Amino acid sequence: MREMTFLETISETLAEEMARDPSVFVIGEDLRVWGAPRGEYKGLYEKFGPKRVLDTPISETAILGGAIGAAATGLRPIASIMYANFLGVCGDELLNQLTQMRYMFGESVKLPVTIMSYFGAGFCAGAHHSKSMHGLLMAIPGLKIVVPSNAYDAKGLLKSAIREDNPTIFLSHQMLMRRGEKSEIPDEEYTIPLGQAAIKREGSDVTLVASGLMVQRALAAADRLQQKGISAEVIDPRTWVPLDKETVIDSVKKTNRLVVVEEEPKTGGAAAELVAIVADEAFDYLDAPIKRVCAPDTPVPFSPVLEKRWMPNEDDVVQAVSEIV
């Protein structure tokens with residue numbers, strides 16, 4: 001076992017998958033010299049050369065469009081779109097081409113495209129570089145959505161995403177990329193199947209569901225709740241599509257209460273979809289209303305004080321749980 005940061009595991013996994021499969025290549029902005037803004041692609045150009053590390057103009061349309069064409073002809077591209085906000089620039093490629101072509105062509109082609117992108121607030125980058133948009137992406141049929149919360153999960157999930165034959169987006173929270181928290185990483189290769197949630201903490205009184213950075217905040221809230229005699233179970237979906245609803249519902253059957261914590265505006269987000277699923281399939285097991293701890297329905301503020309207040313925190317989770325337990 002080795003101890004590695006979130007960023008280190010991403011870099012290592014990219015290199016391992018490119019070495020394992022010659023059809024894997026990366027395409028995006030500032031990859032060869034800078035390795036992208038966080039440096040996760042650094043060193044790949046020296047290892048694999050110009051044909052497998054492609055720098056592009058500042059055009060998300062070109063990046064994703066090129067990846068789609070390459071995938072349709074047998075390659076396995078990794079498209080770096082930097083910030084999730086920028087997916088709006090290549091909206092047609094995402095909405096009307098990548099996620100529909102396999103259906104429209106009767107599965108005569110595969111589209112093994114992995115989109116890698118940053119999301120999330122916390123370091124005052126303003127509205128254009130901080131958006132969380134899991135719910136919006138969940139509304140695009142044909143797209144698998146991966147959101148790791150720690151280095152161990154990031155490595156296993158990224159390997160599965162790259163090997164997946166359908167379009168997949170791998171979303172890394174920027175605060176997890178910047179921080180130095182480490183996970184134990186096995187020396188031997190491993191993968192984590194898409195659609196398999198993780199129970200990060202077992203409990204009996206309330207179920208907390210969170211992804212990305214919010215898993216850490218849910219766990220911190222669970223520690224505080226334990227001091228009050230409230231036992232919280234924390235579940236990390238790890239992938240929003242496919243969604244492991246069985247693990248969540250089984251937990252709700254045990255605890256009879258649910259709080260969903262997501263760094264996304266409350267209206268139309270991933271939390272709302274999960275709440276609807278539980279209300280539809282496990283309503284009789286609930287002893288209290290379901291609560292959502294989400295961001296306000298506004299863009300992410302630039303001001304440090306406002307941004308801190310905008311993001312869901314442990315106090316918000318503790319308050320929500322206190323209202324239903």
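For the structure, check the block above.
Residues numbered from 1 in each chain as written. Predicted model: local features only at pLDDT ≥ 70, side-chain atom pairs only at ≥ 80, totals over all residues. Heavy atoms only, no water.

Colleague: Can you walk me through the overall build of the protein chain in this structure?
Modeller: Within the protein chain one finds 13 helices and 14 strands. For the C-alpha atoms alone, the extent of the protein chain along its principal axes is close to 60 × 45 × 40 Å. The proportion of buried residues among the 325 residues of the protein chain is 57%. The contacts in the protein chain between residues at least 6 apart in sequence include a share of 82% that link residues at least 24 apart. Total accessible area on the protein chain stands at roughly 13400 Å², and carbon and sulfur atoms take up 52% of it. Charged side chains of the protein chain number 34 positive and 45 negative; the gap between the two group centres comes to 2 Å. (Helix = DSSP H or I, 4+ residues; strand = E, 2+ residues; numbered from the N terminus. Buried < 20%, exposed > 50% of the residue type's maximum accessible area, 1.4 Å probe, protein only. Contact = heavy atoms within 4.5 Å. Areas by Shrake-Rupley, 256 points an atom, 1.4 Å probe, with all protein chains shown as cover. Lys, Arg positive; Asp, Glu negative; His and termini not counted. Charge placed at Lys NZ, Arg CZ, Asp CG, Glu CD.)

Colleague: When you look at the environment of Glu181 in this model, what are you seeing that I'm missing?
Modeller: Along the chain, Glu181 turns up in the loop between α8 (174-178) and β8 (182-185). With residues near it in sequence (within four places) discarded, Glu181 still touches Met4, Thr5, Phe6 and Gln216.

Colleague: Mind showing me how you'd approach a nonpolar patch on the surface here?
Modeller: A contiguous nonpolar surface patch, about 400 Å² in accessible area, is contributed by Tyr103, Met104 and Phe105. Along the polypeptide, Phe105 turns up in the loop between α5 (101-104) and β5 (114-119). (Patch = residues over 30% accessible without salt bridge, like charges linked within 9 Å, V, L, I, M, F, W, Y side chains within 5 Å. Salt bridge = Lys/Arg side-chain N within 4 Å of Asp/Glu carboxyl O.)

Colleague: Just checking my understanding: could you explain the sheet that holds strand β9 (residues 198-201) for this structure?
Modeller: Note: strands within a sheet are paired through backbone hydrogen bonds, in either parallel or antiparallel orientation. Here we have five strands laid out as an open sheet, ordered β9-β11-β10-β13-β14, and mixed in their pairing. Looking at the sheet topology across the chains shown, the edges are occupied by β9 and β14 (291-295). Ignoring which end each strand starts from, the neighbouring axes of this sheet average 25° apart. Taken together, the three bridges between β9 and strand β11 (residues 232-236) define a ladder with antiparallel strand orientation. If you follow Arg201 over to β11, its bridge partner there is Val234. Across the face of the sheet, helix α11 (residues 270-281) comes into contact with β10 (206-210), β13 (258-265) and β14 while running at roughly 155° to β13. Its contacts with the sheet place helix α13 (residues 314-324) against β10, β13 and β14, and it is angled at close to 160° to β14. (Pairing = 2+ DSSP bridges. Axes fitted to C-alpha atoms, helices over the stretch in contact; angles between N-to-C directions.)

Colleague: What exactly am I supposed to notice about the packing of aromatic side chains here?
Modeller: A ring pair, where both rings are aromatic, is described by two values, the distance of the centres and the angle of the planes. In the structure shown here, the tally under the stated rule is three aromatic pairs. Their ring planes at 70° and their centres at 5.5 Å tell us that Tyr83 and Phe86 sit as a pair that is edge-to-face. Owing to a relative accessible area of 10%, Tyr83 belongs among the buried residues under this scheme. Seen from their ring centres, Tyr152 and Tyr190 are 4.6 Å apart, and the 10° between their planes marks the pair as stacked. One end of the pair, Tyr152, is in helix α7 (residues 151-163); the other, Tyr190, is in the loop between β8 and β9, with 38 residues separating them in the sequence. (Phe/Tyr/Trp six-rings, centres within 6.5 Å; stacked < 30°, edge-to-face > 60°.)

Colleague: In this structure, what is going on with helix α4 (residues 91-98)? I would like to understand it.
Modeller: All of the buried residues in α4 are Gly91, Glu93, Leu94 and Leu98. Lining the buried residues of α4 we find α3 (60-72), α5, β5 and α6 (134-138).

Colleague: Help me out: how do you make sense of the pattern of salt bridges in this one?
Modeller: Taken as a whole and assessed by the stated rule, the structure comprises 22 salt bridges. The partner of Asp153 in a salt bridge is Lys200, and the shortest N-O contact between them spans 2.7 Å. Here Asp153, found in helix α7, pairs with Lys200, found in strand β9; they are 47 residues apart in sequence, far enough to count as distant. You can call Asp153 buried: its relative accessible area is 1%. Two residues, Glu233 and Lys254, come together in a salt bridge whose shortest N-O distance is 2.6 Å. Here Glu233, found in strand β11, pairs with Lys254, found in helix α10 (residues 245-255); they are 21 residues apart in sequence, far enough to count as distant. Residue Glu233 is classed as buried on the basis of its relative accessible area of 2%. Relative accessible area serves as the criterion here: at 42%, Lys254 is assigned to the partly exposed category. Here the salt bridges do not stand alone but share partners, grouping Arg2, Glu12, Glu16, Glu17, Arg20, Lys155, Lys159, Arg163, Asp187 and Glu189 into one network.

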